[in-house]
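# Working through the structure, step by step
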Amino acid sequence: MAEVTELVGEFDRERISCAVSEPDGVIPSVTVVLLHGAGIGDKARLAELGEDFRTRGHRVLALDFSGHGASSGDLAELSLERRFRQAREAIDAYVPPGQSLVLTGFSMSGQTVADLAAHYGSRVAGIGLCAPAVYADAAWSEPFGAEPGAPGTPPGAPVSRFTEILRTPDSWRGSRALDVFRALRTRVVLAVPEVDEIIPYAVTEAVAQALAEGNEPRFTRLVFEGAHHRLGMWFKEHPAERGRFVDAVLDDLGADGWELTRRWVDKSLPEGERVRDAVVLRGGWTSQMRLVRTEAADGIRTEGDVGAENLRAESGDGAESVRKESATPVRELVLRSFAKPFYRRHAAGLLAREAAVLGLLAGTGVPAPALVAADPQGEHCDHPSLLMTRLEGAVRLDEDGLERRIGLLARQLLDIHRVPVAQADRPREYEPWTSADRVRVPADTRRPEVWRRAVDVIRQPPPPYEGCFLHRDFHPGNVLFSGSGDALRISGVVDWVETSWGPAALDVAHCSTALALLHGTGAAREFVARYTAGGGRLGAGLLHWQLLDALAYAPDAEKVAGPWRELGRTDLTPELLSGRLEEYIASLLDGETD
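Computed from a predicted model, the values in this text were never measured in an experiment.

Reading the values: rules and limits
- Residues numbered from 1 in each chain as written.
- Predicted model: local features only at pLDDT ≥ 70, side-chain atom pairs only at ≥ 80, totals over all residues.
- Heavy atoms only, no water.
- Helix = DSSP H or I, 4+ residues; strand = E, 2+ residues; numbered from the N terminus.
- Buried < 20%, exposed > 50% of the residue type's maximum accessible area, 1.4 Å probe, protein only.
- Pairing = 2+ DSSP bridges.
- Phe/Tyr/Trp six-rings, centres within 6.5 Å; stacked < 30°, edge-to-face > 60°.
- pLDDT = per-residue confidence, 0-100.
- Contact = heavy atoms within 4.5 Å.

## Digging into unusual backbone geometry
- Put simply, alanine 554 and proline 555 share a cis peptide bond, and its omega is 10°.
- You can see proline 555 is positioned in the loop between helix H16 (542-550) and helix H17 (561-566).
- Even without being a glycine, aspartate 170 presents a positive backbone phi close to 60°.
- Here aspartate 170 falls in the partly exposed class, since its relative accessible area comes to 45%.

Right, dumping it as structure tokens:
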């Protein structure tokens, strides 16, 4: 069995004992996290299981929750919330931020796996659930308390609030864990004994049903004859069945991870350079974005940059500090992958177009990324992908410095529209993103006449226009800013997959709608004014293009809310966005921004 590094981290006010093992001869892109059950469970029971994952090329992290194994703390003071917090802090400390996660939980840790999956989102590449339990939301923060009848517990001692909730019939049915399981779109294996003497049959069936909803092609249920609830112990004695479980969890793992993609990126880099790690970026909607960091191929790979102040190694002489070093990165790149089924179907055209546009923009002064490599068909990657250089700066969606940013946005869009393009190099003609017959009017609107009038406008033929080069998805979420105050500048414009040829007013309209949703109608009006003041020509019929864009967000603009909230705009509730969209459309019809 391979050498296991024993670490103790100061997490959740406890000393949490962890074990990390590395695969032989490969640089892993996945860490398997092993989470034991309640009672007398600990990570030692899962050592053989961890070894099976390791020998298949994956990094493994196991931990003892407080009150278990070698960790500090009193089991009676532990709670589901604290289990989540301890596991999360251990992962954040000991797993490089770019690595995908495979979460494997036993019994009570079924709930913990759900909590972690909700927290880490698309970073979770696979899940293994072994005789899992789920719990009522009301129990999540309650300490477990002493087990009635356990040694040291006084006779007749009252049960804890956690136990009271647990004993309430069907209290688990409203568990958030079931909602998380329904929303999973990743590899999931449910392993159960033929008869579970601990977990009620109804719980297991509810978990299975939730996992199968929307995720059926990637959900597998394994039933082990002769096994008992404590599958961790049973797996120790049944290596063939243990291997069957491990193989099932890892089957098709790359469909949501990036095993194949990482190899393709490595091959696309210049000689002497290789992938160091990758981090999933926030704010993506149509595609999955990763920041890929590279290093010299002959450099020494270490695990650096992960909570060194919390790391301690156990040796025969007691605890001693572990020094973490990190190889110096050569550069940073950005990888776009189309993983969602709808966008994957269109990925070939989108990525081929973006690759061509990035080449066209080279040397124009427009701050666009440079193309490194592209696999539009997904022939070599887990998903159709494009690799490009990373631009400095960050997306800014806050209110601070908004007026200056609006002026910069307007000037940048003018520069894009003035890019000279030969007839043979013109991108495709623009495509409208909605039509009068496709508009969904909010069911609860108090101003139906506003929507009726708006739909009537776009029902008319589009006005004549003089075509130009369009970004087609130009908005604050696709623009990077650097500096501050008077030194604020645009350092990058990204996401060129929708580039088209069409009316300048369509690009202006799209950015205006986004500004109205983010900041209100006044920001949209100011953007149009700055664009025209800079010499931009919008032609006749601007209202048609503005409404054509705005109505594509109906009925509630919620589709953009997720990425924007990930970037810090948690104030953008569905109600706020729906109200702003209707207000903006009404203002356009009243001539306020036309």
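## Digging into the pairing of strand E2 (residues 14-21)
- Among the eight residues that make up E2, seven are buried, leaving the element largely enclosed by the rest of the structure.
- Judged from the seven bridges that link them, strand E1 (residues 5-11) and E2 form a sheet pairing that is antiparallel. Across the sheet, leucine 7 pairs through a bridge with cysteine 18, a residue of E2.
- The loop that links E1 with its antiparallel partner E2 comprises two residues; one of these, aspartate 12, has a positive phi angle of about 55°.
- Where E2 and strand E4 (residues 59-63) come together, four bridges link them in antiparallel fashion. Bridge assignment links valine 20 to a residue of E4, and that residue is leucine 61.

## Section: the packing of aromatic side chains
- For the structure shown, the criterion picks out 13 aromatic pairs.
- Ring geometry for tryptophan 234 and phenylalanine 235: centres 6.1 Å apart, planes at 50°, overall tilted. For the residue pair tryptophan 234 and phenylalanine 235, the accessibility class agrees, reading buried in each case.
- Aromatic pair tyrosine 430 and tyrosine 465: ring centres 6.0 Å apart, planes at 70°, arrangement edge-to-face.

## Here's the deal with the confidence of the model for the protein chain
- Averaged over every residue, the pLDDT of the protein chain is 88; residues scoring 70 or more account for 89%.
- In this model residues 299-327 is a low-confidence stretch, pLDDT under 50, and it forms 60 contacts with partners more than four residues away in sequence or in other chains.

## Overview of the environment of valine 372
- Examined against the element boundaries, valine 372 turns out to sit in strand E14 (residues 371-375).
- Note on valine 372: relative accessible area 26%, which makes it partly exposed.
- For the pair valine 372 and alanine 355, spaced 17 residues apart in sequence, the C-alpha to C-alpha distance is 9.0 Å.
- Sequence-distant contacts of valine 372, that is, excluding residues within four places in its chain, are made with Ser268, Leu333, Leu387, Met388 and Thr389.

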